[in-house]
Amino acid sequence: MGQIINGKEVALKVKEDIKSFVDDRKEKKLKIPKIASILVGNDGGSIYYMNSQEKVANSLGVEFVKVTLPEVCDDIDVISEIHKLNEDDGVQGIILQLPLPVKFNEKKIIREISPNKDIDCLTFESQGKLYMGEPKFLPCTPNSVVTLIKSLNIDIVGKNVVVLGRSNIVGKPVAQLLLNENATVTICHSKTKNLKEVCKGADILVVAIGKPKFIDESYVNENTIVIDVGTSSFEGKITGDVDFDKVIEKCKLLTPVPGGVGALTTTLLIKNACEALKENEY
Ligand code: NAP
């Protein structure tokens, strides 16, 4: 029987660090971090994420301002708001809530975010730096995966890591971060042959495919550490890509959904805003 990796516990430690950073600055009457979040239209999921980001930020003493634009506006209006925030010295981090409504040119708009304030690591410059091994901000979900693995105090160097999924937002950056940590990384996707055998040979298996309960006990061995990034809505519940009840019986360690990767992601976004503030001052 495997053990559960508790994302909330790991998040708590990161939150304590953020809180003491902010409290210390308040005491010294120094600037505190401020995040601006842009929401275009009224997508329910985006509103939910923005409100939960605001809640966590406020609980840590970090300022969070919402910039909301109606769906009837156009690319130029969104870009103009981004430019205003780029030039605002009081704002350290800009979050653009994605996806934008379909009529907007998302790629063109993302390019306008200043890389110095790109705490969500969306721009070409941020991603390029990540792939050069010199990231300015660590992308939050991939960083959550690596932070959870590091919390186990295991040596990642030379470990055989299999990443299932190759999206630009999760699979590829997770693989790159783990490569930067000197793991031996294999990336799998929907065209991979002998997927089960490849997964079964992993020391660490990171799953990000968006297919609820896809991974069962036949994809792991007794020593596998399994990190489940998936968050799909399944039978009215948020469900991971891993069939938790079956896999926990066999693997070594496993993240639950919810309470695993996702429990840490927003906290790491806020941590990035603190890093941005530090960097701007020195
Ligand atoms: P995505 O863009 O849809 O990418 C899915 C990837 O999985 C693709 O590379 C796809 O392969 C691969 N794939 C799909 N079915 C497969 C199969 N049967 N066998 C092997 N590979 C398969 O999804 P995403 O944005 O990366 O998100 C993945 C999951 O993570 C989703 O559930 C999402 O909600 C969740 N997520 C969680 C967080 C968090 O903080 N917890 C954040 C972001 C995303 P191809 O490239 O060949 O099509």
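What you see is a predicted model, and the numbers here were worked out from it, not measured in a lab.

A. Just the overall build of the protein, in detail. For the protein, the helix and strand inventory stands at 10 helices and 11 strands. Taken over the C-alpha trace, the protein has a radius of gyration of 19 Å; the compact-globule value for 282 residues is 19 Å, and the two agree within 12%. When its C-alpha atoms are laid out on the principal axes, the protein stretches across 50 × 45 × 40 Å. Counting every position in the protein, which comprises 282 residues, the buried fraction comes to 48%. Contacts in the protein between residues far apart in sequence, at least 24 positions, make up 70% of those at least 6 positions apart. Counting only carbon and sulfur atoms, one obtains 50% of the accessible surface of the protein, whose full area is about 14000 Å². One way to put it: in the protein the 36 positive side-chain charges average out to a point 2 Å from where the 39 negative ones average out.

B. Region of interest: the packing of helix α6 (residues 140-151) against helix α7 (residues 171-180). One can describe the packing of α6 onto α7 by two numbers: an axis separation of 8 Å at closest approach and a directional angle of 40°. As the angle between them shows, α6 and α7 are arranged oblique. As for the relative orientation of α6 and α7, their crossing is right-handed in sense. Of α7, the residues touching α6 (which contributes P142, N143, V145, V146 and I149) are P173, V174, L177 and L178.

C. Geometry of the UniProt feature "binding site: NADP(+)" (unreviewed entry) in the protein. This chain's UniProt record puts "binding site: NADP(+)" (unreviewed entry) on G165, R166, S167 and T231. By the secondary structure assignment, G165 is in the loop between β5 (160-164) and α7. Owing to a relative accessible area of 7%, G165 belongs among the buried residues under this scheme. The residues touching G165, leaving out its near neighbours within four places in the chain, are G171, I187, C188, A208 and I209. For R166, the position within the fold is in the loop between β5 and α7.

D. Looking closely at the packing of α6 against helix α10 (residues 262-281). Contact geometry of α6 with α10 gives a least axis separation of 8 Å together with a crossing angle of 110°. Judged by the angle between their axes, α6 and α10 are roughly perpendicular. Across the interface between the two elements, C140, T141, N143, S144, T147 and L148 of α6 pack against L264, T265, L268, L269 and N272 of α10. Partitioned by chemical class, the residues of the contact of α6 with α10 number five nonpolar, six polar and no charged.

E. The layout of surface pockets, seen in detail. By volume, the second largest pocket is sized at about 260 Å³. Considering the residues around the second largest pocket, the lining is formed by 15 residues, among which K213, I238, T239, F244 and V257 are closest to the centre. Put simply, the parts of the chain that give the lining of the second largest pocket at least two residues each are β10 (237-239) and α9 (244-248). The element best represented in the lining of the second largest pocket is β10, accounting for three residues.

F. Broad picture of the packing of aromatic side chains. Within this structure, the stated rule accounts for two aromatic pairs. Centre to centre, the rings of Y48 and Y49 are 5.8 Å apart; their planes meet at 70°, and the pair counts as edge-to-face. Of the residues examined, Y48 reaches a relative accessible area of 57% and is grouped as exposed. Taking the centre distance of 5.8 Å and the plane angle of 50° together, the rings of F214 and Y219 count as tilted. Above the plane of the ring of F21 lies K278, whose end atom (NZ or CZ) is 5.2 Å from the centre.

G. Looking closely at the UniProt feature "domain: Tetrahydrofolate dehydrogenase/cyclohydrolase NAD(P)-binding" (unreviewed entry) in the protein. Those places that UniProt annotates as "domain: Tetrahydrofolate dehydrogenase/cyclohydrolase NAD(P)-binding" (unreviewed entry) correspond, in this numbering, to residues 139-280. In this annotation, residues 139-280 is assigned 37% helix and 18% strand; the end-to-end C-alpha distance for the span is 19 Å.

H. Structural detail: the nonpolar core. In this structure, I18, I35, V145, L178, V206, I227 and I270 are the most contacted members of the largest nonpolar core, which totals 50 residues. Top element by residues in this core is α10. It accounts for eight residues. Here this core spans two domains, and each of domain 1 (30-115) and domain 2 (140-262) adds at least three residues to it. With residues up to four places along the chain from it excluded, the contact list for I18 reads L60, V62, T267, I270, K271 and C274.

Calculation notes
Residue indices begin from 1 for each chain and proceed along its sequence in written order. It should be noted that, the model being predicted, local features are given only for residues of pLDDT at least 70 and side-chain atom pairs only at 80 or more, the latter also being counted only at that level, while totals for whole chains, interfaces and linings use all residues. The side-chain figures draw on all heavy atoms in the structure; neither hydrogens nor water molecules are used. We count a stretch as a helix when DSSP gives it H or I for four or more residues in a row; a strand needs E for two or more, and each element gets its number in order from the N terminus. Based on C-alpha atoms, the radius of gyration is set beside the globule rule, defined as 2.2 Å times the residue count to the power 0.38. Relative accessible area decides the class of each residue, using a 1.4 Å probe on protein chains only: under 20% of the type maximum gives buried, over 50% gives exposed, and in between gives partly exposed. Note on contacts: a residue pair qualifies if any of its non-hydrogen atoms lie within 4.5 Å across the two residues. The protein chains shown are the only cover counted for residues, whose accessible areas, like all others here, come from Shrake-Rupley with a 1.4 Å probe. Charge counting follows a simple rule: Lys and Arg are positive, Asp and Glu are negative, and His as well as the terminal groups are ignored. Note on charges: their place is set at NZ of Lys, CZ of Arg, CG of Asp or CD of Glu. For helices, the fitted axis covers only the stretch in contact; all axes are lines through C-alpha atoms, and the angles between them, taken along N-to-C directions, range from 0 to 180 degrees. In this scheme, roughly parallel covers angles under 35 degrees and roughly antiparallel covers those over 145, while 65 to 115 is roughly perpendicular and the rest are oblique. Two helices that cross are described as forming a left-handed crossing if the nearer one is turned anticlockwise from the farther one by less than a right angle, and a right-handed crossing if clockwise. UniProt positions are given in the numbering used here, feature names are shortened, and annotations may be inferred rather than shown by experiment. Basically, the charged four are Asp, Glu, Lys and Arg, the nonpolar ten are Ala, Val, Leu, Ile, Met, Phe, Trp, Tyr, Cys and Pro, and anything else, Gly included, counts as polar. Of the two site types, the cavity is a set of points on a 1 Å grid over the protein atoms alone where a 1.4 Å probe fits but cannot get out, and the pocket is an open set with protein on both sides within 12 Å along at least five of seven lines, each lined by residues with an atom within 4 Å of a point. Grid points are joined across faces, edges and corners, and a volume is the space filled by probe spheres set on the points. The criterion for an aromatic pair is that two Phe, Tyr or Trp rings (for Trp, the six-membered ring) have centres within 6.5 Å, with stacked assigned to planes under 30 degrees apart, edge-to-face to planes over 60 apart and tilted to the rest. Put simply, a charge is over a ring when the Lys NZ or the Arg CZ is close to the ring centre, within 6 Å, and near the line of the ring normal, within 35 degrees. We call a set of buried Ala, Val, Leu, Ile, Met, Phe, Trp, Tyr and Cys residues a nonpolar core when their side-chain atoms join them within 4.5 Å. Domain start and stop positions are those given by an automatic or database domain assignment.

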